[in-house]
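Architecture at a glance
In case you want the letters, here they are:
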Amino acid sequence: MTDGPQLPMQVRAPDLPTRVRIHEVGARDGLQNEKTVVPTEVKAEFIHRLADAGLSTVEATSFVHPKWVPQLADAEDLFPLLHDLQGAAELPVLVPNARGLDRALALGARRIAVFGSATETFASRNLNRTIDESLAMFEPVVARAKQDSIHVRGYLSMCFGDPWEGPVPVPQVVRVAKALVDLGCDELSLGDTIGVATPGHVQSLLAHLNEAGVPTQAIGVHFHDTYGQALANTLAALQHGVTTVDASAGGLGGCPYAKSATGNLATEDLVWMLNGLGIETGVDLGRLTATSAWMAERLGRPSPSRTVRALSHKDLSHKES
């Protein structure tokens, strides 16, 4: 079969959003787990190519201490290389604490994200704090950002399962999610960090968040594809009214603090599904696929995205290491 411009055929499903904003995380969450350090110039070109493909939100980097995530130690060098994208794309950055916020603001960042946990074990391993201690750490960061009219996203990991604690009770997730919103986060990203969510679980959590006063329009979803459920879970979220979906170009990424976590939902796979549903994204799938194939070459292995493999005319199998 030849995949021409007519494919996939568009068939609208009832009660779905007409447009979805993709929060592209490949340049940060996707690359942070790479063992070989990617040159700063390659990262900058990757982000430019993603923006050129029509992605309006591209998470650029993290201002975490270099010893924790060496791949992102070049944040101060990278961010100035992206100044020409201001206005063309939003470039959020992750800030772990007040020092990270200082570094980001000094370079002109206008969108930040803090990273919390729904479980105590992951909070301890990732942040060296309890859940409540981490929330206390975020409070002045969010407050100062809001004073400067900075958009704040709150990441919440381990929302559906934890490799150490197992199933995570929905009320436990709702408590931490509501606390992040009450701190002043404009947006909340629900993370299925180890990819164990299923559609019914997704819709149950979303319903309970609504009951707790967290509006659907403030929620984004961040699924990993460990068990092949990421697209099914995304569709469940869309059916609930969610219009922000995190994805990673080429399916890059995992989680350096959760060894069972495999790659993020591939942006190309998401766009293919949304195109078939007639949902607008503003993303040029051809350009995006070419970008992920280009990055796969630089990483020396094929892209794990099924759509990239299906649409790419270049055989990258000989690059695999």
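Preceding this paragraph is the structure being described.
Conventions used here
- Counting restarts for each chain, with residues numbered from 1 along the sequence as it is written.
- Given that this is a predicted model, residues contribute local features only at a pLDDT of at least 70 and side-chain atom pairs are listed and counted only at 80 or more, while totals for whole chains, interfaces and linings are drawn from all residues.
- Only hydrogens and water are set aside; all other atoms, that is, all heavy atoms of the structure, feed into the side-chain values.
- Secondary structure elements are taken from DSSP: a helix is a run of H or I of four residues or more, a strand is a run of E of two residues or more, and numbering for both begins at the N terminus.
- One bridge is not enough; two strands pair if DSSP finds at least two bridges between them.
- Residue contacts follow a heavy-atom distance rule, with two residues in contact if any of their heavy atoms lie within 4.5 Å.
- Lines fitted to C-alpha atoms define the axes, with helix axes restricted to the stretch in contact, and inter-axis angles between N-to-C directions lie between 0 and 180 degrees.
- Among buried residues, those of type Ala, Val, Leu, Ile, Met, Phe, Trp, Tyr and Cys that are joined through side-chain atoms within 4.5 Å constitute a nonpolar core.
- Buried means the residue's accessible area, taken with a 1.4 Å probe over protein chains only, is under 20% of the maximum for its type, while exposed means over 50%, and partly exposed covers the values in between.
- For this document, the term salt bridge refers to a Lys or Arg side-chain nitrogen within 4 Å of an Asp or Glu carboxyl oxygen.

**Describing unusual backbone geometry**
In the Ramachandran plot, Asp15 falls in the positive-phi region, its phi being about 60° despite a non-glycine side chain. Although it is not a glycine, Asn128 sits at a positive phi angle of roughly 55°. Residue placement: Asn128 occurs in the loop between helix H5 (120-127) and helix H6 (131-147).

**As for the sheet that holds strand S6 (residues 151-157)**
Reading across the sheet, the nine strands line up as S2-S1-S9-S8-S7-S6-S5-S4-S3 and stay open at both edges, with parallel pairing between neighbours. Because the sheet does not close on itself, it has two edges, and the strands there are strand S2 (57-58) and strand S3 (61-62). Where strand S5 (residues 111-117) and S6 come together, seven bridges link them in parallel fashion. Opposite Val114, over in S6, you have Gly154 as the bridge partner. Helix-sheet contacts for helix H8 (residues 199-211) involve strand S7 (187-192) and strand S8 (219-223), and the interaxial angle to S8 is about 155°.

**Here we look at the environment of Met273**
With respect to the secondary-structure elements, Met273 resides in helix H10 (residues 267-276). Along the backbone, Met273 and Leu135 are 138 residues apart, and their C-alpha atoms lie at a distance of 36 Å.

**A word on the nonpolar core**
Formed by 89 residues in total, the largest nonpolar core has its most connected members in Phe46, Ile47, Leu82, Val93, Ile112, Leu156 and Leu205. Sorting elements by how many residues they give to this core places H6 first, with seven residues. Beyond its immediate chain neighbours, meaning those up to four positions away, Leu82 contacts Ala44, Ile47, His48, Ala60 and Leu91. Residues Val25, Leu94, Tyr155 and Met158 belong to the second largest nonpolar core, which totals eight residues.

**Observations concerning the pattern of salt bridges**
Overall, the coordinates contain 17 salt bridges when judged by the stated rule. Here Arg21 and Glu187 are joined by a salt bridge, their closest N and O atoms 2.3 Å apart. Taken together, the positions of Arg21 in strand S1 (residues 21-24) and Glu187 in strand S7 put the pair 166 residues apart, joining distant regions of the chain. Using a relative accessible area of 22% as the deciding quantity, one classes Arg21 as partly exposed. Given a relative accessible area of 6%, Glu187 falls into the buried group. Residue Lys178 is joined to Asp182 by a salt bridge in which the shortest nitrogen-to-oxygen separation is 3.0 Å. One end of the pair, Lys178, and the other, Asp182, are both in helix H7 (residues 170-183), four residues apart, so they sit about a helical turn from each other. A relative accessible area of 54% means that Asp182 is categorised as exposed.

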